[in-house]
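# Report on the structure
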Amino acid sequence: MEFYKITIRPDSGFGTSLKGDTLFGHFCWQAAHAPDLLKTDLDTAIEQYARKPFAVFSSAVPTDAAQDAPHCFKRPDIPLDWFMSSEYLSKKEKILATKELKGKKWLKGNADLILDATRTNLVADADFKDNGLTETGTYAHNSINRITGTTGKGRFAPFETVISWFYPNVLLSLFILADPEFLDKESLVKGVSRIGKFGFGRDASTGMGRFTILDICPLPLPDLSAGDGLYTLAPCLPEKGRFNQTWFTPFVRFGKHGDLLAGVRQPFKNPVIMADEGAVCVPAETIDTPYIGCAVTNVSKAMPETVVQAYAPVLPIRIGALHENNL
């Protein structure tokens, strides 16, 4: 597979987090509307997805354009006390240290994309960017009763939804694996660019979820032997039996169809429980693909052939020193 980093600039608020599985779904809709986006038809690509994924999308990874800062990945889901000194700490000191670590939600990554899980590499929003990354607010909606010409009660009552806005100079990077047999660089850019123009996720019809592609950079495939663990870049389902240890935060995807199926009688998909991005897996065997996980099927009554991306691109992460100090 080929590995790309696409840098995007948020141009509006977002009602849905930019996570890899949802980005994959949006890209599939783009391929459904533009059959020339893939080198084969979408039905064939989806049918083979469980055996041979044509694309695996990461969740968005922030960086600071003003300071040319490194990427800041979500803090790995290993135990917090691993980041503390092995020296004796009083109960009070341990509580204060844990509180400090909880505020450091990001792990700085270096240029070669080999992550070092050390306390000095952990940063908080304010360390990464003075104002933080996002601000959350509400966005008003209403439906007009065409008989009375006004809002009203029940389904015509005004309501609000939660929207997140990124601060200026915050850019986002998407790390994407693409199989050149199905998808080339130009088509990948075209599909992701169209997602940014039409809007991503909830409330896209009201102007939310807009972004612009600033750059696409081919990258060498990660050298997974450079670390003693694998760090996931998107929600996924690690395969049973392939890992000696796994640390993760559970993430439940309550999926809903969009685009042409948004208004069908049963637009909702069956929930899927995954390990959120930032999971750390210690392989029990050599991993020969730049991704882990699987595809999930049988999640939709409206479109039975629907598949969920429960794959995730992975990067090598060094946790050995922390692990040894806490055995």
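Calculation notes
- Residues numbered from 1 in each chain as written.
- Predicted model: local features only at pLDDT ≥ 70, side-chain atom pairs only at ≥ 80, totals over all residues.
- Heavy atoms only, no water.
- Helix = DSSP H or I, 4+ residues; strand = E, 2+ residues; numbered from the N terminus.
- Rg over C-alpha atoms; globule rule 2.2 N^0.38 Å.
- Contact = heavy atoms within 4.5 Å.
- Areas by Shrake-Rupley, 256 points an atom, 1.4 Å probe, with all protein chains shown as cover.
- Lys, Arg positive; Asp, Glu negative; His and termini not counted.
- Charge placed at Lys NZ, Arg CZ, Asp CG, Glu CD.
- Pairing = 2+ DSSP bridges.
- Core = buried A, V, L, I, M, F, W, Y, C linked by side-chain atoms within 4.5 Å.
- Buried < 20%, exposed > 50% of the residue type's maximum accessible area, 1.4 Å probe, protein only.
- pLDDT = per-residue confidence, 0-100.
- Phe/Tyr/Trp six-rings, centres within 6.5 Å; stacked < 30°, edge-to-face > 60°.
- Lys NZ or Arg CZ within 6 Å of the ring centre and 35° of its normal.
- Salt bridge = Lys/Arg side-chain N within 4 Å of Asp/Glu carboxyl O.

## Quick notes on the overall build of the protein chain
- Helix and strand counts for the protein chain come out as six helices and 18 strands.
- Compactness check: the protein chain gives a C-alpha radius of gyration of 21 Å against a globular reference of 20 Å for 327 residues, within 12% of the reference.
- Reported as C-alpha extents along the three principal axes, the dimensions of the protein chain are approximately 70 × 45 × 35 Å.
- Intrachain contacts of the protein chain at a sequence separation of at least 6 include 76% that bridge at least 24 residues.
- Surface accessibility of the protein chain: about 16,400 Å² in total, with carbon and sulfur atoms responsible for 52%.
- Side-chain charges in the protein chain split into 35 positive and 37 negative, and the spacing between the mean points of these groups amounts to 8 Å.

## Here's the deal with the pairing of strand 16 (residues 280-283)
- Alignment of strand 12 (residues 229-232) against strand 16, held across two bridges, turns out to be antiparallel. Each bridged residue has a counterpart across the sheet, and for Y231 the counterpart in strand 16 is V280.
- Pairing analysis gives four bridges linking strand 13 (residues 243-247) to strand 16, with the strands arranged antiparallel. Paired with F243 across the bridge in strand 16 is P283.

## Here we look at the nonpolar core
- Membership of the largest hydrophobic core comes to 67 residues, with the highest contact counts inside it found for F27, F54, F57, F73, L188 and V192.
- For this core, the element with the most residues is strand 10 (residues 170-178), which contributes seven residues.
- Ignoring any residue separated from it by four or fewer positions in sequence, one finds L188 in contact with Y4, I6, F27, F57, I176 and L183.
- Membership of the second largest hydrophobic core comes to 10 residues, among which are C236, F243, I292 and V314.

## Side note on the confidence of the model for the protein chain
- Mean pLDDT over the protein chain stands at 89; residues scoring 70 or higher make up 94%.
- Here helix 6 (residues 320-325) stands out as the element of the protein chain with the lowest mean pLDDT, 62, in contrast to strand 2 (residues 55-57), whose mean of 97 is the highest.

## Observations concerning unusual backbone geometry
- The phi torsion at L113 lies on the positive side, around 60 degrees, for a residue other than glycine.
- For L113, a relative accessible area of 10% corresponds to the buried category.

## Notes on the packing of aromatic side chains
- Tallied over the full model, the rule gives 11 aromatic pairs.
- Between Y49 and F54, the aromatic rings sit 5.5 Å apart at their centres with planes inclined by 65 degrees, giving edge-to-face as the arrangement.
- Of the aromatic side chains, those joined through ring pairs into one cluster are F24, Y49, F54, Y291 and Y311.
- Seen from the ring of F251, K19 lies directly overhead, with NZ or CZ sitting 4.8 Å from the centre.

## Looking at the pattern of salt bridges
- All chains considered together, the criterion is met by 15 salt bridges.
- A salt bridge links K52 to E181, with the nearest nitrogen and oxygen atoms 2.5 Å apart. Here E181 lies in the loop between strand 10 and helix 5 (185-198) and K52 lies in the loop between helix 2 (42-47) and strand 2, a separation of 129 residues in the sequence.
- Overall, the relative accessible area of 32% leaves K52 in the partly exposed class.
- Look at E181 and you get partly exposed, because its relative accessible area is 48%.

## Some details on the sheet that holds strand 5 (residues 106-108)
- What the three strands build is an open sheet, ordered 4-5-7; its pairing is antiparallel. Two strands close off the open sheet at either side, each with one partner strand: strand 4 (72-74) and strand 7 (122-123).
- Bridge count for strand 5 against strand 7 is two bridges, and the pairing is antiparallel. Counterpart to L107 in the pairing with strand 7 is L122.

## Looking at the environment of K301
- Secondary-structure assignment places K301 in the loop between strand 17 (291-296) and strand 18 (308-318).
- Looking at K301, the relative accessible area reads 62%, which means it is exposed.
- Taking the C-alpha atoms as reference points, K301 and F268, 33 residues apart in sequence, are found 8.5 Å from one another.
- Aside from chain neighbours lying at most four places away, what touches K301 is Q266 and N270.

## Description of the environment of I319
- With respect to the secondary-structure elements, I319 resides in the loop between strand 18 and helix 6.
- For I319, the contacting residues outside a window of four places in its chain are I78, A117, D228, W247, V280 and V282.

## Comments concerning the environment of I317
- Secondary-structure assignment places I317 in strand 18.
- Owing to a relative accessible area of 0%, I317 belongs among the buried residues under this scheme.
- Taking C-alpha positions, I317 is 9.6 Å from V282, a pair spaced 35 residues apart along the chain.
- Every residue in contact with I317, bar those within four places of it in the chain, is listed here: P76, L107, L115, A117, G227, D228, G229, L230, Y231 and V280.

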